[in-house]
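Given next are the chains, with one letter for each unit.
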Amino acid sequence: MPTRRSWLKAGVAAGVLAHSPTLLAQAQTPVRILVGASAGGTTDTMARIVAPVLTQALGRPVLVENRPGAAGNLAAEAVARAAPDGNTLLMSYTSHAINASLYPQLPFDPVRDFTPLALVASSPSILVTHPRVPAKNVAELVALARQQPGRLNFAIGGLGSSLHLAGDAFKMKAGVFIVNIPYRGTSPALQDVLAGQVELMFAAVGNVQAHVRAGKLRALGVTSPKRLPQFPDVPSIAETLPGYESSAWFGLFGPARMPPEMTQRLADALRVGLQSPEVRRRIEHEGAQPMHQSPEEFSRFVQAEIARWREVVIYSGAKPE
């Protein structure tokens, strides 16, 4: 039951807000997290996991707004042009780094026009093949591809996507020629691999783990530097091709020139939230691994990712759809 002291505190707080229209307006104004992907996808899910964490930390409603299109560029441009007041944020993903090289003329600079807040999660993918393919592991696949260049095919769910470039990074590292077969989306690509019409695919763990366990697909390797807890018997590709790594990542950005104290407050809220067992459980349920980096670490990470993916984009010859 409320005490006299709690009523007094509430009254003082209400009085401060009533006599300060700016504070009142700020307390009532929702924070928006823009997502450059459709509802239901992993990026959208990450934003909806983070939103309640920020709501609790800020004492303000935090809403998720989907603005799909142009591989995330529409949402990114809106945030780049927003006021740096913390009211408009961006949940972005690997394409934020890939697009820097994939698109010849972006309406924003992926580094200068944003304030990195925190890396939220990393999502390794898995290289799968139809069971009829004779290769039982990455070494056998590389040998087969070298013996018969152009015979094998990769199903590609989206040109220029992280999973497309995971395949091209594999071909670069292994020195093999495997044909890319593009599809309009992950689902039709996966269906053709399951049907045996296309031999290979890099896919998000969450999309294929049930098929692997049912024996409908064979897992050859994971793209993380180490093996995944979900598949301890599946080697990392790096065990055969040292230095290979290709993981999708998800991170929160604000517009450039956000006040340092606001940046730190948001970063601290995410750091604390990502330590919550429930938050971590929800992220892991999506086949991802909870991560956290400070704004400074995340800034360096993004710049390194832009440089890393530039080489793969040039090799792939990929163009925006």
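Cut-offs and rules
Residues numbered from 1 in each chain as written. Predicted model: local features only at pLDDT ≥ 70, side-chain atom pairs only at ≥ 80, totals over all residues. Heavy atoms only, no water. Buried < 20%, exposed > 50% of the residue type's maximum accessible area, 1.4 Å probe, protein only. Helix = DSSP H or I, 4+ residues; strand = E, 2+ residues; numbered from the N terminus. Pairing = 2+ DSSP bridges. Expected span 1.5 Å × (residues − 1). Contact = heavy atoms within 4.5 Å. Polar contact = N/O pair within 3.5 Å; in protein donor to acceptor, adjacent residues only side chain to side chain. Salt bridge = Lys/Arg side-chain N within 4 Å of Asp/Glu carboxyl O. Axes fitted to C-alpha atoms, helices over the stretch in contact; angles between N-to-C directions. Parallel < 35°, antiparallel > 145°, perpendicular 65-115°, else oblique. Nonpolar A, V, L, I, M, F, W, Y, C, P; charged D, E, K, R; others polar. Left-handed = near helix turned anticlockwise from the far one by under 90°. Right-handed = clockwise from strand over helix to strand, strands pointing away. Core = buried A, V, L, I, M, F, W, Y, C linked by side-chain atoms within 4.5 Å.

Q: I'd like to hear about the pairing of strand β8 (residues 218-222), residue by residue, with values.
A: Burial runs high along β8: five of the five residues are buried. Across four bridges, the pairing between strand β4 (residues 114-129) and β8 is antiparallel. Looking across to β8, one finds that T129 is bridged to R218.

Q: So what about helix α10 (residues 260-273)? Which residues, and what values?
A: Counted at 1.5 Å a residue, the expected span for α10 with its 14 residues is 20 Å, and the 20 Å between its end C-alpha atoms agrees. In this structure, the buried residues of α10 make contact with α3 (42-58), β3 (88-93), β4, β9 (247-255), α11 (277-285) and α12 (295-316).

Q: So what's going on with the environment of T94? Residues and values would help.
A: Along the chain, the position of T94 falls in the loop between β3 and α5 (95-102). It is 9.5 Å that separates the C-alpha atoms of T94 and S122, two residues lying 28 residues apart in sequence. Excluding residues that lie within four positions of it along the chain, T94 makes contacts with S162, S247, A248, W249, E305 and W309. A polar contact is formed between the side chain of T94 and the backbone nitrogen of W249, at a distance of 2.9 Å.

Q: Please set out the pattern of salt bridges residue by residue, giving values where relevant.
A: A side chain of one charge can pair with a side chain of the opposite charge when the charged atoms of the two come close. For the structure shown, the criterion picks out 10 salt bridges. For the salt bridge of E65 with R32, the shortest nitrogen-to-oxygen distance reads 3.1 Å. Here E65 is found in strand β2 (residues 62-66), whereas its partner R32 is found in strand β1 (residues 31-35), with 33 residues between them in sequence. On the basis of relative accessibility, which here comes to 28%, the residue R32 falls in the partly exposed class. For R48, the salt bridge goes to D44, with nearest N and O atoms at 2.9 Å. Here the residue R48 and the residue D44 both occupy positions in helix α3, the gap between them amounting to four residues, near one helical turn. A relative accessible area of 37% means that R48 is categorised as partly exposed. Judged by relative accessible area, which is 4%, D44 ranks as buried. Linked by salt bridges that have partners in common, R32, E65 and R67 make up one network.

Q: Can you explain unusual backbone geometry? Please cite residues and give values.
A: One non-glycine residue, A70, lies in the positive phi region at around 55 degrees. Checked against the element boundaries, A70 lands in the loop between β2 and α4 (73-80). Even without being glycine, R257 reaches a positive phi, approximately 65 degrees. Mapped onto the elements of the fold, R257 is located in the loop between β9 and α10. What makes R257 exposed here is its relative accessible area of 68%.

Q: Describe the side chain of S162, and please don't skip the residues or the numbers.
A: Note on placement: S162 falls in helix α7 (residues 162-174). Once you skip the residues sitting within four places of it in the chain, S162 turns out to touch T94, I98, S246, A248 and W309.

Q: Lay out the packing of α3 against α11 in plain terms, naming residues and giving numbers.
A: When two helices pack together, their arrangement is given by the angle between the helix axes and the distance between those axes. Interaxial distance between α3 and α11 falls to 10 Å at its minimum, and their mutual angle equals 170 degrees. The orientation of α3 relative to α11 falls into the category roughly antiparallel. Along the contact surface, α3 presents M46, R48, I49 and V53, while α11 presents V279, R282 and I283. Of the residues contributing to the contact of α3 with α11, the split by class is five nonpolar, no polar and two charged.

Q: Run through the packing of helix α8 (residues 186-194) against helix α9 (residues 205-213), naming residues and quoting values.
A: Running from N to C, α8 and α9 point in directions that differ by 20 degrees, and their axes come no closer than 12 Å. The orientation of α8 relative to α9 falls into the category roughly parallel. In the packing of α8 onto α9, the handedness of the crossing is right-handed. Packed against α8, whose contacting residues are T186, L190 and L194, the element α9 presents N207, V208 and H211 at the interface.

Q: Outline the pairing of strand β6 (residues 179-182), supporting the account with residue identities and numerical values.
A: Pairing geometry for strand β5 (residues 153-156) and β6, over four bridges, is parallel. Paired with N153 across the two strands is V179, which belongs to β6. At this point the chain moves from β5, through α7, to the parallel β6, and the crossover so formed is right-handed.

Q: Go over the nonpolar core, please, and point to the residues and values.
A: In this structure, L127 and F170 are the most contacted members of the largest nonpolar core, which totals 46 residues. When residues of this core are assigned to their parent elements, the largest contribution, six residues, is made by α12. Setting aside chain neighbours within four positions, we find L127 in contact with L141, F154, F170, L200, M201, F202, R218, A219, L220, G221 and I237. By size, the runner-up hydrophobic cluster in this structure holds 32 residues, among which are A37, I49, V50 and L89.

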